[in-house]
Amino acid sequence: DAKTTQPNSMESNEEEPVHLPCNHSTISGTDYIHWYRQLPSQGPEYVIHGLTSNVNNRMASLAIAEDRKSSTLILHRATLRDAAVYYCILRDAGNYGQNFVFGPGTRLSVLP
Amino acid sequence: DTAVSQTPKYLVTQMGNDKSIKCEQNLGHDTMYWYKQDSKKFLKIMFSYNNKELIINETVPNRFSPKSPDKAHLNLHINSLELGDSAVYFCASSRGTSGGNTDTQYFGPGTRLTVL
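> Give a detailed account of the side chain of His24 of chain A, specifying residues and quantitative values.
Inspection of the secondary structure puts His24 of chain A in the loop between β2 (18-23) and β3 (31-38). If sequence neighbours within four positions are ignored, His24 of chain A has contacts with Lys3, Thr4, Ile33, Arg68, Lys69, Ser70, Ser71, Cys88 and Leu90 of chain A.

Have a look at this one:
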């Protein structure tokens, strides 16, 4: 799996939008971009994924750069419950049933 | 109902002992995984099973042996426990090949293993 680069930590105020960046300059044409997050003392949970187009779901939005070398996870209104480590992961479309490679992720702190 | 469950949640044991961690998923998934998260919080794959067959075996000591009695269960047995085995172990499952390009992994709550 290709590597991703994320800031070690970020801070946000409650009820404000948060933009979590991820660089993946060596992404291949068949790599999907997945985001997971890990709340304190819990297992990771799926957030969102995309290939080329921007994606929205009930948890977040994913904005993908036109050249696909970077992406941004957007939390529209951060809550205290969103404090977690966020992982950006590349997954080969042909790599069915294979493991994810988790990097160190971005630790998001949400201030009340 | 919990989608992916692990038992026990906490495990404290002495060096040299043998212990097992159990994992069950009720999602009907074909693929199950074991990950290890060490004190530095890095999450690393250990094993992956698809339909009870081993498909990934990362560089893990032979003391670790996964067992999949059926598609819904993947247990992890550890022999001769060492201090360095202390970590949080996560089980996960996914649809695998049937999930296609959007295969999503569902993680259990983790088992915190402490070796004294």
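On we go.
> Explain the sheet that holds strand β4 (residues 45-50) of chain A to me, using residue names and the numbers behind them.
Residues and elements named next belong to chain A. Strand order across the open sheet formed by five strands is β1-β9-β8-β3-β4, with mixed pairing between neighbours. Single-partner strands in this sheet number two, and they are β1 (9-13) and β4. The sheet shows a mean angle of 25° between the axes of neighbouring strands, direction not considered. Pairing of strand β8 (residues 84-92) with strand β9 (residues 106-111) involves three bridges; the strand directions are antiparallel. Within β9, the position partnered with Ala84 by the bridge is Leu108.

> Provide a residue-level description of the sheet that holds strand β7 (residues 64-70) of chain B, including the pertinent values.
Residues and elements named next belong to chain B. With antiparallel pairing, four strands are arranged side by side in an open sheet as β1-β3-β8-β7. Strand pairing shows two members of the sheet lacking a second neighbour, β1 (4-7) and β7, which therefore form its edges. Across this sheet, the average inter-strand angle for adjacent strands is 20°, counted without regard to direction. As judged from the four bridges shared by strand β3 (residues 19-25) and strand β8 (residues 73-78), these two strands associate in the antiparallel manner. Note that in β8 the partner of Ile21 across the bridge is Leu76.

Calculation criteria
- Residue positions are counted from 1 within each chain, in the order its sequence is given.
- All chains are assigned letters beginning with A, and all ligands numbers beginning with 1, in the order in which they are written.
- Predicted model: local features are reported for residues with pLDDT of at least 70 only, side-chain atom pairs are reported and counted for 80 or more only, and whole-chain, interface and lining totals are derived from all residues.
- Hydrogens and waters are ignored; side-chain quantities use all the structure's heavy atoms.
- Going along the chain from the N terminus, every DSSP run of H or I of four or more residues is numbered as a helix, and every run of E of two or more is numbered as a strand.
- In what follows, a contact means two residues having at least one pair of non-hydrogen atoms within 4.5 Å.
- Pairing between strands is defined by DSSP: at least two bridges between them are needed.
- Orientation is described by axes fitted as lines to C-alpha atoms, over the contacting stretch for helices, and by angles from 0 to 180 degrees between their N-to-C directions.

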